[in-house]
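Below are the chains, spelled out letter by letter.
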Amino acid sequence: MKRNNKEGALFPKCARLLASADYRRVTGPGRKGVSPHFLLFVRFEPAIHEPRLGMTVSRKVGNAVVRNRVKRVIREFFRLNRVRFDPSLECVVISRPRAGRTANTVLTQSLTQLFLPYGSPKSE
RNA sequence: AGAGUGGGCCGGGUGGCCGCUGGUGUGGGUGUUUUCACCCCACUGGAGGAAAGUCCGGGCUCCAUUAAGCAAGACGCCGGGUAACGCCCGGCGGGGGUAACCCCAGGGACAGUGCCACAGAAAGCAAACCGCCGGACAGCAGGCUUCCGGUAAGGGUGAAAGGGUGCGGUAAGAGCGCACCGCGUUUCUCCGGUAACGGAGACGGCAUGGUAAACCCCGUCUGGAGCAAGACCAAAUAGGGAAACGUUUCAGGGCUGCUCGCCCAGUUUCCGGGUAGGUCGCAUGAGGUGUCUGGUAACAGGCAUCCCAGAUGAAUGGUCACCAAUCGGCCUCUUUUGGCUGAGAACAGAACCCGGCUUACAGGCCCACUCUUUUU
RNA sequence: CGGGGUGUAGCGCAGUCUGGUAGCGCAUCGGUUUUGGGAACCGAGGGCCGGAGGUUCGAAUCCUCUCACCCCGA
């Protein structure tokens, strides 16, 4: 599993949490962050070599179009900032109902604030 | 020109950069090897008219099953279309609109049961409160009171009071008789129509109130579950079955106190069920487009041509620039117009697949028709 | 994918099966009582019964469609 450090910010399948067990492991006791629009669960897994993301957007956030929009904003944020995170980072973002009524730029700012403690300072 | 009715169509576009996902590749890399997994590269596909709600009908899969019946539910004018339908098309009847046109669960109320509040004398085999008319007895001045009988024209109640109008008739009245209108068809005949039904005539002579989206009767239809169906592969842990070991050394319990033997337990190997997880099902189909033929139409058939999403913690996006319809604000102007600036869509996201129905929807385009006004 | 429930006054609920008067508690307003307030007592206001259509003389109630919310099962 080779790390591709090209200029382009990719988001391949191995950078996502895919199994239900992964979600249970990350959303268990651990570090958390809160914003008006999201909840963030974080866990560091030394065995992996690149940061991984999972997300949960429930039906209370909105209809299918709204939920897809929120998930795309989260994925896009993670894709563009992936190289700045710790390689052993595993995180799960859970949307709160308010996120469905919020503009994309505001959601991106909210995510930036949440992930600030986990980004590598030397990449700034 | 204005107002309106019906039907059909579209659902922003172009380009740059960064991404996601299916397919293809004697492509490249990593995992010890691989047809496997992951990553990269190139080429090429990648949401809708409703993908929605899940209200019906099918295909498909598994289970059950002789047929039929019972129960339950749905449907219900006639004819046709369809794989099927509660859908669609064409008629009929009823209702609404000046009209184009729109709406209707539209079988049966002499098979039976129930209900019809309040008001009213009376609400269901009709009956008689106030009245109207006749007769009788008694009282008193007329006429009234009481009793008996005949009535349903008039009054009043109600959604509904057992045909309507007129003439005759009568003590007063009444389909009691007649004319016209209406009603009936489970009374008959004729004509048109496949039929629903329509038209005409005879007959009946007001009998037959409403409600079946009250129970019900009649006819038709329906076996159950649903792709998390179903088929296959199969980790860890626990448990099940089978075989072998137990010679030597330490080795548990039981059959007996001991030996042998047997059983349980133990160790090893194998087997099957099966969870997490994975693969298939999984997109060539009642398919799309064009054209011809039949049919008023729904639709059917022939020929040609095309392959057009397949995710699974769930892809089809983000950002920048320009253009476009439209809308808001400001300035100029009598208005038209012109200029600047801002917003720049709406409803909404495939999840096994089709046929419908219903609901949501910014803005725009096309066709046909109706009414009104003006001009010729 | 399948199944069920709720919507009635500002809030919480009856009434729907079996059609005809919309009611209860808290809250609100006015009055009595008190030096004043609370409590208590007396009285009043407030609803097109989630929406649309239909059946019926008449619909919160029956039927159809629809909207929103909630809860189960796989």
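Rules used in this analysis
- Residues numbered from 1 in each chain as written.
- Chains lettered and ligands numbered in written order.
- Predicted model: local features only at pLDDT ≥ 70, side-chain atom pairs only at ≥ 80, totals over all residues.
- Heavy atoms only, no water.
- Pairing = 2+ DSSP bridges.
- Helix = DSSP H or I, 4+ residues; strand = E, 2+ residues; numbered from the N terminus.
- Axes fitted to C-alpha atoms, helices over the stretch in contact; angles between N-to-C directions.
- Contact = heavy atoms within 4.5 Å.
- Phe/Tyr/Trp six-rings, centres within 6.5 Å; stacked < 30°, edge-to-face > 60°.
- Buried < 20%, exposed > 50% of the residue type's maximum accessible area, 1.4 Å probe, protein only.
- pLDDT = per-residue confidence, 0-100.
- Expected span 1.5 Å × (residues − 1).
- Arc of directions from axis to C-beta.

Caption draft 1: Representation of the sheet that holds strand β1 (residues 31-34). Here 4 strands make up an open sheet; going across it, the order is β1-β2-β4-β3 and the pairing mixed. In this open sheet, the two strands that pair with only one neighbour each are β1 and β3 (52-56). Taken pair by pair, the neighbouring strands of this sheet meet at an average axis angle of 20°, ignoring direction. Examined bridge by bridge, β3 and strand β4 (residues 89-95) share 5 bridges and lie parallel to one another. Bridge pairing links T56 to I94 in β4. Set on the sheet, helix α2 (residues 64-81) makes contact with β2 (38-44), β3 and β4; between it and β3 the angle comes to about 165°. Running over the sheet, helix α3 (residues 104-115) touches β1, β2 and β4 and is turned about 35° from β2.

Caption draft 2: Expanded view of the packing of aromatic side chains. Counted according to the given criterion, the structure contains 4 aromatic pairs. Judged by centre distance (5.5 Å) and plane angle (45°), the rings of F77 and F115 are tilted. Taken together, the positions of F77 in helix α2 and F115 in helix α3 put the pair 38 residues apart, joining distant regions of the chain. Here F77 matches F115 in class, with each residue buried.

Caption draft 3: Local environment of the environment of P46. Following the sequence through the fold, P46 ends up in the loop between β2 and β3. C-alpha separation for the pair P46 and L114, spaced 68 residues apart in sequence, amounts to 22 Å.

Caption draft 4: Focus on the confidence of the model for chain A. When pLDDT is averaged along chain A, the result is 79; 89% of the residues meet or exceed 70. Note on residues 1-7: pLDDT under 50 across the span, and 3 contacts to partners over four residues away in sequence or across chains. At the level of chain-chain contacts, confidence expressed as ipTM amounts to 0.79, with global pTM at 0.78.

Caption draft 5: Geometry of α2. The end-to-end C-alpha distance of α2 is 26 Å, a good match for the 26 Å that 18 residues give at a rise of 1.5 Å each. When we look at burial in α2, the residues that qualify are V66, V70, V73, I74, F77, F78 and N81. Taken end-on, α2 shows its buried residues confined to a sector of 125°, consistent with a single buried face. Seen from the buried face of α2, the exposed residues on the opposite side, beyond 90 degrees, are V65 and R72. Turning to α2, the residues buried within the fold contact β2, β3, β4 and α3.

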